[in-house]
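Examination of the molecular architecture
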Amino acid sequence: MTPMDPSETFRQEAQELLEQLEQALLDLEHAPDDGDLIDSAFRALHTIKGSGSMFGFDAVAAFTHHVETAFDLVRKGKVTPSRELIAVALAAKDRMRLLIEQPETPESAEGDAILRDLKAIVDASDLPSAGEGGDAPVAAREQPAEITWRIRFRLARDAMAMGTNPLLLLDELRTLGSATIVALTGEVPSLEVLVPSDCHLAWDVMLTTSQPRTAIEDVFMFVIDDMELSIDLLESGEEDRRIGEILVERGDVAQEAVDTAVSRQLPLGTLLVESGNLSPDKLTSALAEQQHLRTETKVVAKGADSIRVPAERLDELMDRVGELVIAQSRLTQVAASINDMQVKAIAEEIERLAHELRDTTMGVRMVPISSLFGRFRRLVHDLAHDLGKQIELTTFGEETELDKTVIERLNDPLIHLIRNSIDHGLETPEGRKEAGKPPAGRITLSARHSGAEVLVSIIDDGRGLDRARIQARAEEQGLLAPGVKLSDNDLFQVIFQAGFSTAKVVTSLSGRGVGMDVVKRTIEGLRGKIDIASTPGKGTELTLRLPLTLAIIDGLLVRVGKARYVLPLSAVEECVELSAEEDGRSRGRSFLNIRGDLVPFLRLRELFQVSAPADPYQKVVIVSSGEFRVGLVVDQVIGNHQTVIKSLSKLHADVETFSGATILGDGAVALILDIGHLVKLGLTYESQFMAAG
């Protein structure tokens, strides 16, 4: 197994910090007085600078230091987080990303210009001190009263060898307030055994400051995982405490030791018991409570642990689980063919374990879509500025989870669709005013579960698609026969044809007819589809219908003729029997009465042109997609089947009835039915039947 490159680890962590910084900056535009946002931005900058220096990204550390300094002044209420400052900080964030991704990037005028702009804004926005009068643009943050902290820390033995200088940590603590520092030398060994590069000292620091506890923790953020650190608040009014009380509170000596030294008496609990002020059982109970609390604290701390795992290892794990599921399916089939109870029991146990391992592995790969939606705030912010439009971005369903591979591959298509919606869909403020709309256009991103799918929608409240213009342009380009009648969704699908565009003006963002075909190919590559709904003057909604996962699904194995097929189990509602008598009655109608509701059904034998005679008691599997459902007539329902999805070749790209294939336990291949397409086909038959009366 290849060890992880430390530089790559820094890049991954920096990526998350840069996203955190960007979100904080964008939120600050709307809430410049929010101290939590300012602290969040500062901490991200502080960590990027420190980690960059530690991992040898000196240019990143040096550049970030200037931005961190500016936000330290913001944090202290000396500089206003104005829109100008935030704009420069966003540009600085982009510069940091470039320096991290391409550390060999030479110094450029762009970086210097950003720092000059930053300095000019900081110099110009010094707030007037109290009593000087005048209206400050933003009120300085209220300074809390000073409090005193007791800090004790001991670095890891190899901390200095790993590049940590404890003197710099002490200097950084001194910058927070008035500090008294005492070195603890009790563990320094004799010269004969002393290792000069090891850190044998510990330090006690009494710090009086107005900064919060998090500011102290930030000083140790790069070494905190490998060190001993305690930070205790010293309450006011404790100036007259005895030395014994201080020693006990600091943990340097036990209360019992103090008591023994002072009065040669027994431990407190024993004394209390002997004095008759406490019963032995209550002492035992108090000690048990103390032990319980200590144990629970350790459990909670252990449960909060997390580790970072490279994405490719998760992919490898998923591949191995897929192979295990196929092997388990084969074992189950072999066990069913022999009369050996031990083998059957082992097969059932392996099946249970494989099922649990599959669910656990897939759960690890699922990430909330908020990690994707958050990236588009900057995109909308910049496009609004570039195009002179006012745009409000709203998101819903950010907690919806998708396979991480789907999330990664959705980024570029969504960027393209959002750019198109903003450039072509939303009107200018003047145009919206003429249309009776508010000046700010609205872009809404939403995600929600629907059966085995996740629906991701991009909605704008702009001018909507021009149906007549799209049809005329499609006929002009030979994509449609003249005068052909299509539904809105089918006609709007033309915009995904390569080179198709109705734009009168080509802009730097769109209008050349390039990109939408790539969007469609990418979504179809994810086994997804795109639906379009648009109302003239009111806006457009594009909905991406995506599978929940690309790897393994629970399936229902059925037989039609001699071939076996898999239906996604999440789309199956129920199975009913179709007797020969009912089959005869339904001939020509293709409808079933399911508890009072007429449900159209498809005979898969006819659809797949199976010539072998049908089983006497066929089954109808009722499946649904969205709010619609149809019945699929099969010869036999075999049972549940864990399905490892394999993509079809490019030769089968036009076969809409199937969404993939899988390998069965006996090595045979079964095709996976595309439920969305079959439901659509069933509804078409229903419409034709209704039209025929």
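Remember, predicted model here, so these are calculated numbers, not experimental data. All residue numbers refer to positions counted from 1 along the written sequence of the respective chain. Given that this is a predicted model, residues contribute local features only at a pLDDT of at least 70 and side-chain atom pairs are listed and counted only at 80 or more, while totals for whole chains, interfaces and linings are drawn from all residues. Hydrogens are left out, water is left out, and the side-chain values use all remaining heavy atoms of the structure.

Some details on the overall build of the chain
Secondary structure assignment for the chain yields 23 helices and 21 strands. By definition in these notes, contact holds between two residues if any of their heavy atoms fall within 4.5 Å. Long-range contacts, defined as pairs at least 24 residues apart, comprise 68% of the intrachain contacts of the chain with a sequence gap of at least 6. If you sum the accessible surface of the chain, you get close to 38100 Å²; carbon and sulfur atoms cover 53% of it. Numbered from the N terminus, helices here are DSSP runs of H or I no shorter than four residues, and strands are runs of E no shorter than two. To be clear on the numbers: accessible area is Shrake-Rupley with a 1.4 Å probe, and residue cover counts the displayed protein chains and nothing else.

With respect to the UniProt feature "modified residue: Phosphohistidine" (unreviewed entry) in the chain
UniProt positions are given in the numbering used here, feature names are shortened, and annotations may be inferred rather than shown by experiment. UniProt records the feature "modified residue: Phosphohistidine" (unreviewed entry) at His-46, using the numbering of this structure. Following the sequence through the fold, His-46 ends up in helix α2 (residues 35-54). In this view, His-46 contacts Glu-68, Glu-172, Asp-218, Met-221 and Phe-222; residues no more than four positions away in its chain are not counted.

Topic: the pattern of salt bridges
A carboxyl oxygen of Asp or Glu within 4 Å of a side-chain nitrogen of Lys or Arg is what we treat as a salt bridge. Using the criterion set out here, one finds 37 salt bridges in the structure. Note that Lys-404 and Glu-408 form a salt bridge whose closest N and O atoms lie 3.7 Å from each other. Taken together, the positions of Lys-404 and Glu-408, both in helix α16 (residues 404-425) and four residues apart, correspond to about one turn of that helix. Taking the relative accessible area as the measure of exposure, Glu-408 reaches 46% and is therefore partly exposed. Between Arg-521 and Asp-517 there is a salt bridge whose closest N-O contact spans 3.6 Å. Remark: Asp-517 and Arg-521 occur in helix α20 (residues 516-525); sequence separation between them is four residues, near one turn of the helix. Type-normalised accessible area, obtained with a 1.4 Å probe on protein chains alone, sets the label of each residue: buried when under 20%, exposed when over 50%, and partly exposed for intermediate values. Assessed through its relative accessible area of 53%, Arg-521 is described here as exposed. When its relative accessible area of 14% is taken as the criterion, Asp-517 is described as buried.

Topic: the sheet that holds strand β21 (residues 669-673)
Backbone-to-backbone hydrogen bonds join strands into a sheet, with any given pair of strands oriented parallel or antiparallel. Pairing between strands is defined by DSSP: at least two bridges between them are needed. Read across the sheet, five strands follow the order β19-β12-β13-β21-β20 without closing on themselves; strand pairing throughout is mixed. Each end of this open sheet is capped by a strand with a single partner; those strands are β19 (636-644) and β20 (658-663). Between one strand axis and the next, the sheet turns by 35 degrees as a mean value, whatever way the strands run. The convention used is that axes are lines fitted to C-alpha atoms, helices contributing only their stretch in contact, and that angles between N-to-C directions extend from 0 to 180 degrees. Where helix α12 (residues 311-337) meets the sheet, its contacts fall on β12 (552-560), β19 and β20, and the angle it forms with β19 comes to roughly 150 degrees. Each of β12 and β19 is contacted by helix α13 (residues 341-365), which is oriented at about 130 degrees to β12, the strand it contacts most.

Thoughts on the packing of aromatic side chains
Under the pairing criterion, centres of Phe, Tyr and Trp rings, with the six-membered ring standing for Trp, must be within 6.5 Å; the plane angle then separates stacked pairs below 30 degrees from edge-to-face pairs above 60, leaving the rest tilted. Across all of its chains, the model carries five aromatic pairs by this definition. A centroid spacing of 4.9 Å and a plane angle of 55 degrees characterise the contact between Phe-153 and Phe-220, whose relative ring orientation is tilted. Taken together, the residues Phe-153 in strand β1 (residues 147-154) and Phe-220 in the loop between α7 (213-219) and β4 (228-234) connect sequence positions 67 residues apart. Put simply, the rings of Phe-153, Trp-203 and Phe-220 pair up and form one aromatic cluster.

Describing the sheet that holds strand β8 (residues 440-450)
If you trace the five strands from one edge of the open sheet to the other, you get β6-β8-β9-β11-β10, paired in mixed fashion. Strands at the two margins of the open sheet, each flanked by one partner only, are β6 (390-396) and β10 (529-535). Adjacent strand axes in the sheet meet at a mean angle of 15 degrees, parallel and antiparallel pairs treated alike. Sheet analysis places strand β9 (residues 453-460) next to strand β11 (residues 539-547), joined by eight bridges and oriented antiparallel. Paired with Val-456 across the strands is Leu-544, a residue of β11. Seen against the sheet, α16 touches β6, β8, β9 and β11 and runs at an angle of roughly 170 degrees to β11. α20 contacts β10 and β11 of the sheet and is inclined by roughly 130 degrees relative to β10.

Examining the nonpolar core
As used here, the term nonpolar core means buried Ala, Val, Leu, Ile, Met, Phe, Trp, Tyr and Cys residues forming a set that is joined through side-chain atoms within 4.5 Å. With 42 residues, the main nonpolar core has Leu-410, Val-456, Leu-544 and Leu-546 as its most contacted residues. It is α16 that contributes the most residues to this core, seven residues altogether. One finds Ile-48, Phe-63, Val-67 and Met-96 within the second-largest nonpolar core, a separate group that totals 37 residues.

Details of helix α15 (residues 376-387)
For α15, which comprises twelve residues, the first-to-last C-alpha distance of 16 Å matches the rise-based estimate of 16 Å (1.5 Å per residue) to within 8%. For α15, the set of buried residues is Phe-376, Arg-378, Leu-379, Val-380, Leu-383 and Ala-384. Positioned one or two residues after α15, Gly-388 has a phi angle of 70 degrees, which is positive. An expected span of 1.5 Å times one less than the residue number is assigned to each helix.

A few points about the packing of helix α3 (residues 58-75) against helix α4 (residues 83-101)
How two helices sit against one another is set out by the angle between their axes and by the gap between those axes. For the pair α3 and α4, interaxial distance at closest approach is 10 Å and the crossing angle is 160 degrees. In terms of their interaxial angle, α3 and α4 are classed as roughly antiparallel. Judged by the sense of rotation from one axis to the other, the crossing of α3 with α4 is left-handed. Contacts between α3 and α4 involve Ala-59, Val-60, Phe-63, Thr-64, Val-67, Phe-71 and Val-74 on the former and, on the latter, Leu-85, Ala-89, Ala-92, Arg-95, Met-96, Leu-99 and Ile-100. Residues are grouped as follows: nonpolar covers Ala, Val, Leu, Ile, Met, Phe, Trp, Tyr, Cys and Pro; charged covers Asp, Glu, Lys and Arg; every other residue, Gly included, is treated as polar. Class assignment of the residues belonging to the contact of α3 with α4 gives a composition of twelve nonpolar, one polar and one charged. Any angle between 65 and 115 degrees counts as roughly perpendicular, while under 35 counts as roughly parallel, over 145 as roughly antiparallel, and the rest as oblique. Take the far helix as the reference: if the near one is turned anticlockwise from it by less than a right angle, the crossing is left-handed, and if turned clockwise, right-handed.

What to know about a nonpolar patch on the surface
Residues enter patches when they are more than 30% accessible in relative terms and free of salt bridges; like-charged ones are connected within 9 Å and nonpolar ones (Val, Leu, Ile, Met, Phe, Trp, Tyr) within 5 Å. A contiguous nonpolar patch, built from Ile-346, Ile-350 and Leu-353 and spanning about 240 Å² of accessible area, is present on the exposed surface. Of note, Ile-350 is situated in helix α13. For Ile-350, a relative accessible area of 30% puts it in the partly exposed group.

Things to note about unusual backbone geometry
Unusually for a residue other than glycine, Gln-609 sits at a positive phi of about 55 degrees. By the element assignment, Gln-609 lies in the loop between α22 (604-607) and β17 (618-625). Exposure remark for Gln-609: the relative accessible area of 72% places this residue in the exposed category.

Brief notes about α20
Turning to α20, its buried residues are Met-516, Asp-517, Val-519 and Ile-523. Each buried residue of α20 lies within a common arc of 155 degrees when the element is viewed along its axis, so the set occupies one face. Once α20 ends, the next one or two residues include Arg-527, with phi positive near 60 degrees. To obtain the arc, one takes the directions from the helix axis to the C-beta atoms.

Examining the confidence of the model for the chain
In this model, the chain carries an average pLDDT of 80, and 86% of its residues clear a pLDDT of 70 or more. A residue's pLDDT is simply how confident the predictor is in it, with values from 0 to 100. This stretch, residues 127-143, has a pLDDT under 50; its non-local contacts, to residues over four places away or in other chains, come to 22 contacts.

Focus: the environment of Asp-225
Along the chain, the position of Asp-225 falls in the loop between α7 and β4. Under the relative-accessibility criterion, Asp-225 is labelled exposed at 74%. In sequence terms Asp-225 and Leu-155 are 70 residues apart; their C-alpha atoms lie 9.9 Å from each other.

Looking at the environment of Tyr-565
Mapped onto the secondary structure, Tyr-565 falls in strand β13 (residues 563-568). For Tyr-565 and Ile-672, which are 107 residues apart along the polypeptide, the C-alpha to C-alpha distance reads 5.8 Å.

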